Each structure stands twice: as structure tokens, then as C-alpha cells.
Amino acid sequence: MTESTQHLWMERAGLQRLIDVLIKQGLEVLGPVIRDGTVVLGPVAAVADLPVGMREHQSAGHYDLEDLGDERVFGVATGPASLKPLVFAPRENLVQVELGGEHGFRAEALRPEPRPVAILGVRACDLAALRVQDRIFLHDRYPDPYYEERRRGLFLIAASCTRSAPTCFCTSMGTGPEAREGFDLALTELDEGFLVRAGSEAGEEVLETLGLAEADAETRVAERRAIDACASVMDRKLDAARVHDLLLENLDHGRWDEVAERCLGCGNCTMVCPTCFCHDERDEALLDGSGSIRIREWDSCFDRQHAQIHGINFRPKIRDRYRQWLVHKLATWQDQFGTSGCVGCGRCITWCPPGIDLTEEVRAIQETTA
């Protein structure tokens, strides 16, 4: 995708027009909606479906919502939901095997149905996470057809952050708060409306239907100030340049034992992480005995059985499993894929029941080895 240099201005009423255009083009529109006390991705047909006026309070192991009563649509930074489930399904059928026939059985791949979807309000960290997933599932030699089918159907409308949560640290990872690439359209919300720019030909075509005017210089300056202000208040930091060597040189550090005393091994961090891709495949027999279905579903390196191979478990303790997760996420992921496995969204901090903060764990190791 090539980002347009043109910044257009859209009044608040224009957001409903944008949603209407997308629906008219046959796209299912998903965006941030309130469900069970959190903001997740759900169907959107009107601006009223969005969390207008809401703000969230996040800290380690804590999340709640507050209604401030203003007109801000994208005031909630992040919730537990990312783009991952839309492209890498939590559970899906891969192959169906039927017994009988000339060769004794017949196997048929079960591909997902094409589903064109527009995602409204995608954050820069989640765009970066999607690029990480693309490297894994869209490998040049071995692309995953299930991921590829879903990925092809996405129309991404980013929302650059003008407000961050206390658990955010995207500035440390170079992934935000401004949406810079990987989108079809990008919005920046200001008091009176939105700056809009296109990042693809499909995005340009949608903008043409809206008939928007060019944003003036003063509004462009206001956008820059809002994004820079968001970046300046991120207190959580991670030394991304040093973390690779730091962790690999301290695999026997005593901090791993300390964190294991708090970690529940629940796997919440891997479920909300937008880049974790561990999964399991198994065959389930049909009840009538006529065949079986091969299923793929999310797994977690925190699951004790994940490291069970030929009767031997090579990560039997929570200490081992937490270390595997953190070292892979921040260090060996770089060796495998040329990028960090962390995008600084902070979800693993917020949604960890005991409130374990990976930035604190890294800092604790760094301070005792400096």
C-alpha cells in the first residue's frame, strides 16, 4: 500500500456517510463496540453503535469503562480484541475425511467462505501486529490458505491514537501512535471531526464517493500536536535495542523464579496478544463413525501440554513457560522473523489477572545485570 499525501477533512456527520458507503459496497462493517464491560470488535451499522464518549481505565490486571459524555468516537485506546481472530481463527475445520470409496477414504479441504469485512478504528499497534502475522502465515514458500483467504477480504480503516492507555508502550517498539502504513483509510479524530487519508487504491475509491475537501494547514498542525502529545505521555518503556541480548544472556536469572510465584499459567497474555500464533491440530471423529474432521485451534505456550513431546515435557514448570514466552516474544522472534513479536499494545499487562508487566520484568533483569 502507498499512503496518500493528501489529507482531507471530514465533519463528524461524515463518519456515518463513510459507514453507509462501505455497507453499500457489500462490506460487513466491524468496529469498537461495548460488550460485557469492555470494548471489542462487533457489527457497526451506525455511529451510535460505537463507544461514543467512552474512556477506559487500564492498569496491570485492571480494566473498566467510564462515560465522559463527549462526542469522541475513538476515545478508548484498546480493548482485549485485536485483528488476530479475523484472520487466524480461534478454531476452524481444515479437512474432512470420509470413509469409503475406491481408496478407502476421501479427504476434502474445508476452506473459509469469502467474507469482505471493513474494520473501523484499527490502531497502529494492531496494524503492526498484522504485519507480523503476515510474515508468519503468508510466507513466500508456504502461505497458509485459510489465513490468506481471510486476509484478502479485509478493508482496514485506521484510527491514529490521540490518547494512550497507561499500559501502552508502542513508542518503544516503533509501532505507534500514528498509523503510517498497512491501511486502506486512516482517520485522526480531532474536536470537530476527522482528518482522513488513503493508503490504497481501494481507499482512494471510497474517498472519492465522500467528496471531502482538503484539510487546511492549521488542522494539519493540530493533528500533529495531538499525536505527538499522545506519544509524549507514554510512561512505560522497553529498551527494544537491548532486550534481545539481555534476555538470551540471562536465561538462568533469578527473576524467572520470582515471576513464576505470581504467574497463574492461565495463558490470558497469549490469548489477547495480537501476534501470538501457537496452535494445535487434532482429528475429531464424527459421531456416526463415517469419518473425521481435522481441527486447528489456538494453543498457548503456557499450557503444560504444549511442551509434551513423546512422553517428555521439556517445560514442566511455570518458570520455564513464562521464560519461553517472554524470550521468544522479545528476542528469538527477531532471529526467526526479523522483527520483534511485541508491538507495545499492553494487552498482556491489562489482562493478566495478577498484573504481571513484561516491561517491569525486563527492567528488573536489566537493573541487576547493568
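Attention here is on the structure that accompanies the text. (Residues numbered from 1 in each chain as written. Predicted model: local features only at pLDDT ≥ 70, side-chain atom pairs only at ≥ 80, totals over all residues. Heavy atoms only, no water.)

## Things to note about the sheet that holds strand β14 (residues 291-298)
Okay, step 1: Taken in spatial order, the four strands of this open sheet run β7-β6-β14-β13, and their pairing is antiparallel. At either end of the open sheet lies a strand with only one pairing partner, and these are β7 (105-109) and β13 (279-285). The mean angle between the axes of side-by-side strands here comes to 20°, regardless of whether they run parallel or antiparallel.
Okay, step 2: Where β13 lies against β14, seven bridges are found, and the strand directions are antiparallel. Directly across from A285, in β14, lies its bridge partner S292.
Okay, step 3: In the packing of helix α4 (residues 145-152) onto the sheet, the strands contacted are β6 (91-99), β7 and β14, and the crossing angle to β6 comes to about 130°. (Pairing = 2+ DSSP bridges. Helix = DSSP H or I, 4+ residues; strand = E, 2+ residues; numbered from the N terminus. Axes fitted to C-alpha atoms, helices over the stretch in contact; angles between N-to-C directions. Contact = heavy atoms within 4.5 Å.)

## Considerations on the packing of helix α9 (residues 255-262) against helix α11 (residues 318-337)
Okay, step 1: Their axes nearest at 8 Å, the elements α9 and α11 cross at an angle of 110°. The pairing of α9 with α11 is recorded here as roughly perpendicular in orientation. The segment α9 lies against α11, with W256, D257, V259 and A260 engaging I318, R319, Y322, R323, L326 and V327.
Okay, step 2: Counted by class, the contact of α9 with α11 contains seven nonpolar, no polar and three charged residues. (Parallel < 35°, antiparallel > 145°, perpendicular 65-115°, else oblique. Nonpolar A, V, L, I, M, F, W, Y, C, P; charged D, E, K, R; others polar.)

## Overview of α11
Okay, step 1: Where α11 bends most, at H328, the angle is about 55°.
Okay, step 2: Against α3 (124-137), α8 (243-248), α9, α10 (268-272), α12 (347-350) and α13 (358-369) lie the buried residues of α11.
Okay, step 3: Looking one or two residues beyond α11, the residue adopting positive phi is G338, at roughly 75°. (Bend = angle between axes of the 7 residues up to and from the residue.)

## Describing the nonpolar core
Okay, step 1: Ranked by internal contacts, the top residues of the largest apolar core, which has 29 residues, are L15, L22 and L187.
Okay, step 2: Elements with a minimum of two residues in this core: β1 (8-11), α1 (14-24), β2 (28-35), β8 (117-122), β9 (154-160), β10 (185-189), β11 (193-198) and α6 (201-210).
Okay, step 3: Those residues in contact with L22 that lie beyond four places of it in its chain are L27, V29, A118, F155, I157 and V206.
Okay, step 4: Grouped together as the second largest cluster of nonpolar side chains are 28 residues, L246, W256, W325 and A331 included. (Core = buried A, V, L, I, M, F, W, Y, C linked by side-chain atoms within 4.5 Å. Buried < 20%, exposed > 50% of the residue type's maximum accessible area, 1.4 Å probe, protein only.)

## Here we look at the side chain of S200
Okay, step 1: Along the chain, S200 falls in the loop between β11 and α6.
Okay, step 2: For S200, a relative accessible area of 13% translates into the label buried.
Okay, step 3: A polar side-chain atom of S200 sits 3.0 Å from the main-chain amide nitrogen of G203. (Polar contact = N/O pair within 3.5 Å; in protein donor to acceptor, adjacent residues only side chain to side chain.)

## What about α3?
Okay, step 1: Here α3 spans 20 Å end to end across 14 residues, near enough to the 20 Å set by a 1.5 Å rise per residue.
Okay, step 2: Listed in full, the buried residues belonging to α3 are A124, C125, D126, L127, A128, A129, L130, V132, Q133, D134, I136 and F137. (Expected span 1.5 Å × (residues − 1).)

## Digging into the pattern of salt bridges
Okay, step 1: Summed over the entire model, instances satisfying the criterion amount to 31 salt bridges.
Okay, step 2: For the salt bridge of R296 with D144, the shortest nitrogen-to-oxygen distance reads 2.7 Å. On the criterion of sequence distance, the pair formed by R296 in strand β14 and D144 in the loop between α3 and α4 is long-range, its members being 152 residues apart.
Okay, step 3: Judged by relative accessible area, R296 falls into the buried class, the value being 4%.
Okay, step 4: As a salt-bridge pair, D320 and R319 come within 3.8 Å of each other at their nearest N and O atoms. Considered together, D320 and R319 belong to a single accessibility category, that of buried residues.
Okay, step 5: Look at the salt bridges and you will find they share partners, linking E178, R180, R197, E223, R224 and D228 into a network. (Salt bridge = Lys/Arg side-chain N within 4 Å of Asp/Glu carboxyl O.)

## Describing the pairing of strand β3 (residues 38-43)
Okay, step 1: Across six bridges, β2 lies against β3 in antiparallel orientation. Within β3, the position partnered with P32 by the bridge is L41.

## Brief notes about the state of the cysteines
Okay, step 1: Following the criterion strictly, the structure yields zero disulfides and no others.
Okay, step 2: Free cysteine: C125, not disulfide-bonded; nearest cysteine sulfur from C345 at 5.3 Å.
Okay, step 3: The buried category is assigned to C125, whose relative accessible area is 8%.
Okay, step 4: C266 supplies the cysteine sulfur nearest to C352, a cysteine that is in no disulfide, at a spacing of 6.3 Å. (Disulfide = S-S within 2.5 Å.)

## Things to note about the sheet that holds β11
Okay, step 1: A sheet is described by the order of its strands in space; here eight strands give the open sequence β3-β2-β8-β9-β10-β11-β1-β12, paired in mixed fashion. Pairing within the sheet leaves two strands with one partner each, and these edge strands are β3 and β12 (213-214).
Okay, step 2: Here α6 sits on the sheet and contacts β1, β9, β10 and β11; the angle it forms with β11, its principal contact strand, is near 135°.

## Here we look at the side chain of T188
Okay, step 1: Checked against the element boundaries, T188 lands in strand β10.
Okay, step 2: A relative accessible area of 0% places T188 in the buried class.
Okay, step 3: For T188, the side chain forms a polar contact with the side chain of E223, separated by 2.7 Å.
Okay, step 4: Not counting the four nearest positions on each side in its chain, T188 is found in contact with S160, T162, G193, F194, L195, R197, E223 and I227.

## Side note on the packing of aromatic side chains
Okay, step 1: Per the stated rule, a full pass over the model turns up 13 aromatic pairs.
Okay, step 2: Centroid distance F74 to F194: 6.2 Å. Interplanar angle 70°. Geometry classified as edge-to-face. Here F74, found in the loop between β5 (62-67) and α2 (84-87), pairs with F194, found in strand β11; they are 120 residues apart in sequence, far enough to count as distant. We note that F74, like F194, is buried. (Phe/Tyr/Trp six-rings, centres within 6.5 Å; stacked < 30°, edge-to-face > 60°.)

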